[in-house]
Amino acid sequence: MSESTGLVAGEPTRAGRVRVVLHRLLGAIFVIWATASITFGVQSLLPGDRAELMINAAAGTFTQPTAAELAAVNAKYGFDRPFWEQYLHYIGGVLQGDLGESYQSHRPVAELIAGQIAPTLALTLSALALAWAIAIAVTVFSGGRDGPVARAFGGFQVIKAVAPPYWIGTILLVVFSIHLRWVPVEGGGGLQGLILPSLALAIPLSGFIGQIIRAEFGRVLEQPFVTSARMRGMGNLAVRLRHVLRHAVLPGITLSGWALGSLFSGAAVIETVFARPGIGGLLVTGTATRDIPLVTGIIIASAAAYVIANLIVDLLYPIIDPRLKQS
Amino acid sequence: MTARDPLLHRAATATATPLLTVERLRVGFGRDPAAAGAVVKGISFALEPGRCLAIVGESGSGKSVTARSLVGLTGRNATVQAERLAFSGRDLTRYGERDWQRLRGRDIGFVLQDALVSLDQLRPVGDEVGEGLRIHRVIRSREEQETRVVELLRLVGVPEPEVKARQLPHELSGGQRQRALIASALALDPALLIADEPTTALDVTVQAQILDLLEATKNRGKALILISHDLSVVSRMADEVIVMRHGEVVEQAPVATLFSAPRHEYTRRLLDAIPAAHTRGTRLAPASAPRLTADAAHWRRRGGDTPGPVLEGRDLVKRFRGPDGQWRTVVRGVNFSLAQGETLGIVGESGSGKSTTARLALALDRPDEGTVRLLGRDWSALDEAGRRPLRREISVVYQDPLSSFDPRWTVERIVGDALAGGAAGFGRDAQIDELLELVGLGKAHRRRRPLELSGGQRQRVAIARAMAPRPRIIVCDEPVSALDVSIQAQILDLLGDLKAALGVSYLFISHDLGVIRHLSDRVLVMRNGEVVEEGTADAIFDAPQQDYTRELVSAVLHDRLPRIKGTSHG
Amino acid sequence: MTKPADQLSVYPQTLVGDQLLRFLPSADALRTVPATVYAAGVVVAFFLVAAVAPSLLQTHDPFRTDLYATLQSPSLDHFFGTDQSGRDLYSRVVQGTGQSLAIGLGAIGLSIGIALLVGVTAGLAGRRTDAALSRFLDVLLAFPNLFLALLFVAVFGATTTTLIVSVGLGCAPGYARLIRGQFLVVRNSGYVEAARALGHPYGRIVRQHIFPNAMRPLIVMITMGVGQTIVWASSLAFLGLGVAPPSPEWGALLDAGRNYVTVAWWLEVMPGFAIILFALSVTVIGQHLQDRLEGRVNP
């Protein structure tokens, strides 16, 4: 955090920048490979026989399949091969975008995910935007002040950061859908149906981002360059918007890549609260029916999303912090 | 009271109408009415165009608060009272925030210290310089602003102003940044410029250039208020000087009078405390600190006399990898040698490699090339286990003692931890007591934690810790740079006394030529990782051979202070 | 010498920016109004009593069904209302406290245990080990915690143990990174270098300086962490992947209430309220501890 706002940024050179980008790209590939490996490792810890689980999952029964049935499944999915061979086969598949086949529906996991990703992306991205809007509004208003109102805001931030999305979602649902009837209970895919779910996701995140940028805001407000701006006759609001805010959002931006990952988690829960279509529903059903390829596929996909989000943040960062631009 | 009467000086110094009149300005913090006037306790002065008033004082004297209250930026909880506060006929005591905003930048320009943090790091320099023009709506277009900014940057002597205006602050050198900051304060051609420690963070050579610039501004008819802790800066710039201490005006006089015949004891002590050529071999703070009170015999350095050098560096090279992955050579081919009982001063500006050289001497870093020899042993080539028994021969005093102490530990634990273990032949408790007494601390300090001590006390603890293993060599890395001048004087006196009593050698690193000259037998001048010149202190300062050394020495202002010596040097 | 007060002009200054302000109580110090910390302490004490001796705080038998009083909204008799079987929700929340806290404590214990192992190793070992472990932690942090937990539930089935292990493992990478960072800060501190310059052996420096200083935030991490793990566990339970519903564990109450949210909001809101109240209280206490801790480190 301090590094990004540090006083002396190293002289950026073109070679250095290329190095950094290359480094990040390699890191991204590494993260996806490692994620696939870890999920594969956890799968192999599975108690009991995997072929049996698969047959039961597909049939929805809990019977002991015959040896012939098991052998057929084992041969088809390569469960009878050596461990490392299965591993290489799996990793090879992941790198080609093949995430395996669902135990239950026998459709490719990648296809299932692709079918459900759009509403989840819409939800997470709108939540991220909303969270930033709330955090910035609250910070500009209350940052660096310690009157009773500002303190109440500070306390509110803590509550927001602690409260889980499902609870906020439930409250919003109860208040706005059931009591006030402003929005329908079953939201559907439209823009109207997006309001409450993304708000439910955005509120805790805005508490989290808000806590960070508010602390930074208070610190920056005391910096000599802010005093310098005041010494030129700049008004209070202008100082906050033109000078302080830009510095204060820097640590929050770094976090946004990470936040997108946590939004994926939150989205799974929120989609359940509001009965929305999306990855969350897929994941919960997959977990409940122990459809392991589906669960691991979603995890790898979300790790990829996390990695991409962080790469985007890295690329966008120099726009706000021009010190990092190529010279 | 007569010395504080502004009317006296006005009559004596000028006939012009004052631009700024301040009468009995009092500032306090907190809502408690009793706190009113606790930080600034009634300061009065008048300032005419084309003249410079300097307010000097050590930290906590209230000088910066005074300056800020003149532009209505004292701080949130402050209460400012004045019998009169008038700027070119306007009554500032009735000003509200809107009025102040119209005044700031347009009528009064303000320059803070350390332009790197006083300019917005994320915006081009030109935007910062031209910001005042935009705020006060004196320009109509972006193009007009750019033209004016380039003019301003040219006025303050920034080279290639068109290019620099588009660069970010960190891409400019320290001197250029400070010039740009001054340009931003001059943007609306204010009648009064207030500069709060404008040269403090700068290297000496740059310092002189910035003072020239301020002087030129004054000569163009601007009134100037200069806030500084540095009497030598003041002696060069000011027409009139106010000396402040704990919020009170100690002395207020025209500059010549103040330096030639200081009336107040405190002013005299401040002037005496400045280390320079003529202070060599004398005590800087004879009144405040007695000579060593404790018996130093137990703490004399270990070992007998060594004929050759006790510490020697040969062809030292050290490279570091920057955050962008580039290697930088910080020390390139440095040679030095330190004899028994000698003080070798290493002087240089920031980035000269002097602190890295100190770390190599302490074997905290390993040189990439070359060797360091300690008492004839190949110190830099040994592994850490091999160095351990030798480490008690060489110890260190840092610039920032606070960070060198474990925050949980008490003073007695810090000092006790450094004892070599029963070496002095008497109890550990008694040893700690004696060491603390040796550095001028009492039993009362034993149970304190570092945070509960003042800056000077902390440095005394650091010195006690350095003395505890009875080393032959103490490396002092900017040990007084963070201290006020009167505390600096006491610590320098202590270091001098200890050297005489214990026979240790010092490797003394400083950016301050006055300190180096006061203390060193021989001097090494460093620049960009290389030794530029080496010689006895007198030779370096009186007859420098290299251009860089000459430039450095001529930039020093200490020795230009009017002589008032002949006061007590007990 | 002084003029009467009415002739003195007094104007308040409205803006910050003076170094001297640093000597006054900081905004942080003002923020830790002891009253909120005391209130948080009372809340935590309440829950601790509920965990150890729930009957002291219950108004009804948490398991007794009453078909004449199903789905009643909160009232003076039933603080949190009643469920579909007429059971008193408040008493059930009190009853479930023990199990919920046990899950939270178990998860944070496991989490910190693993984090210590990894974080201390990375923080004390050489550059290579540190780089490798840090990379590994980065990967684990790329998993959304909840998904990792779900993978465990999918593989091992939904039991209390799975819940503790999956939440514990899910939170561990974050703590490991915090601990590692703490060790690095202390390791690079001036006082560790000063100890090196005195010639102390590395083992002694680790024992005397690095460990005690790096471990200081641990108590704060644990305090705040219990709140977090309970919230996490309840999220899993909410998805129907926690402990089976007959138990009044908080998450299970949430899961059971989910189907009634349109007709009986309190079944969902009240257990959630208990969870947030607890999490908020430990956070307030944790922040207070942190402020005090930092107050001693930074002047």
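Residues numbered from 1 in each chain as written. Chains lettered and ligands numbered in written order. Predicted model: local features only at pLDDT ≥ 70, side-chain atom pairs only at ≥ 80, totals over all residues. Heavy atoms only, no water.

## Observations concerning the domain arrangement of chain B
Residue and element names in this part refer to chain B.
Step number 1: Each assigned domain of chain B is listed with its residue range as follows: domain 1 (18-102 + 193-198 + 229-272) and domain 2 (297-560).
Step number 2: Between domain 1 and domain 2, the C-alpha centre-to-centre distance is 38 Å.
Step number 3: With six residues of domain 1 in contact, the opposing surface of domain 2 contributes six residues.
Step number 4: Summing both sides of the interface, domain 1 and domain 2 together bury roughly 590 Å²; the carbon and sulfur share of this comes to 53%.
Step number 5: Our count for the contact surface shared by domain 1 and domain 2 stands at zero salt bridges.
Step number 6: One can count three residue pairs in polar contact (both at pLDDT 80 or more) joining domain 1 with domain 2.
Step number 7: Among the elements that make up the side of domain 1 that touches domain 2, the one with the highest residue count is helix H11 (residues 231-237) (three residues).
Step number 8: Per-class residue counts for the side of domain 1 that touches domain 2 are two nonpolar, two polar and two charged. (Domains from an automatic or database assignment. Contact = heavy atoms within 4.5 Å. Buried area = accessible area lost by both parts, 1.4 Å probe. Salt bridge = Lys/Arg side-chain N within 4 Å of Asp/Glu carboxyl O. Polar contact = N/O pair within 3.5 Å; in protein donor to acceptor, adjacent residues only side chain to side chain. Helix = DSSP H or I, 4+ residues; strand = E, 2+ residues; numbered from the N terminus. Nonpolar A, V, L, I, M, F, W, Y, C, P; charged D, E, K, R; others polar.)

## Re the sheet that holds strand E16 (residues 377-378) of chain B
Residues and elements named next belong to chain B.
Step number 1: Across the sheet, which stays open at both edges, the four strands sit in the order E13-E12-E15-E16 with antiparallel pairing between neighbours. Two strands bound the open sheet, and with one partner strand each, they are strand E13 (327-339) and E16.
Step number 2: Here 10 bridges tie strand E12 (residues 309-321) to E13, and the two strands are oriented antiparallel to one another. Considered in E13, the bridge of Glu 312 is made with Ser 337.
Step number 3: On the sheet, helix H14 (residues 354-361) packs against E12, E13 and strand E15 (369-374) and is oriented at approximately 60° with respect to E13. (Pairing = 2+ DSSP bridges. Axes fitted to C-alpha atoms, helices over the stretch in contact; angles between N-to-C directions.)

## What to know about the pairing of strand E14 (residues 343-348) of chain B
All names here are of chain B.
Step number 1: Summarising burial for E14: six of the six residues are buried, a large majority.
Step number 2: Because side chains alternate across E14, one face comprises the buried residues Thr 343, Gly 345 and Val 347, and the other comprises Leu 344, Ile 346 and Gly 348, equally buried.
Step number 3: Sheet topology note: the E14/strand E19 (residues 505-510) ladder contains five bridges and is parallel. Bridge pairing in E19 places Val 347 opposite Ser 510.
Step number 4: Two elements, E14 and strand E20 (residues 522-527), share five bridges in a ladder whose sense is parallel. Residue pairing in the sheet places Leu 344 in a bridge with Arg 522 of E20. (Buried < 20%, exposed > 50% of the residue type's maximum accessible area, 1.4 Å probe, protein only.)

## A few points about helix H10 (residues 204-219) of chain B
Step number 1: Given a rise of 1.5 Å per residue, 16 residues ought to cover 22 Å, and the 23 Å separating the end C-alpha atoms of H10 of chain B matches this to within 8%.
Step number 2: Following H10 of chain B by one or two positions, Gly 221 of chain B adopts a phi angle in the positive range, close to 100°. (Expected span 1.5 Å × (residues − 1).)

## Things to note about the nonpolar core
Step number 1: Ranked by internal contacts, the top residues of the largest apolar core, which has 165 residues, are Tyr 166 and Ile 298 of chain A together with Leu 89, Leu 146, Phe 147, Trp 250 and Phe 278 of chain C.
Step number 2: At 16 residues, helix H10 (residues 236-273) of chain A tops the list of elements feeding residues into this core.
Step number 3: With residues up to four places along the chain from it excluded, the contact list for Leu 146 of chain C reads Ser 265, Ala 268 and Val 269 of chain A together with Trp 232, Ser 235, Leu 236 and Leu 239 of chain C.
Step number 4: The next biggest cluster of nonpolar side chains, apart from the first, holds 111 residues, and it includes Leu 133, Leu 172, Leu 231 and Ala 466 of chain B. (Core = buried A, V, L, I, M, F, W, Y, C linked by side-chain atoms within 4.5 Å.)

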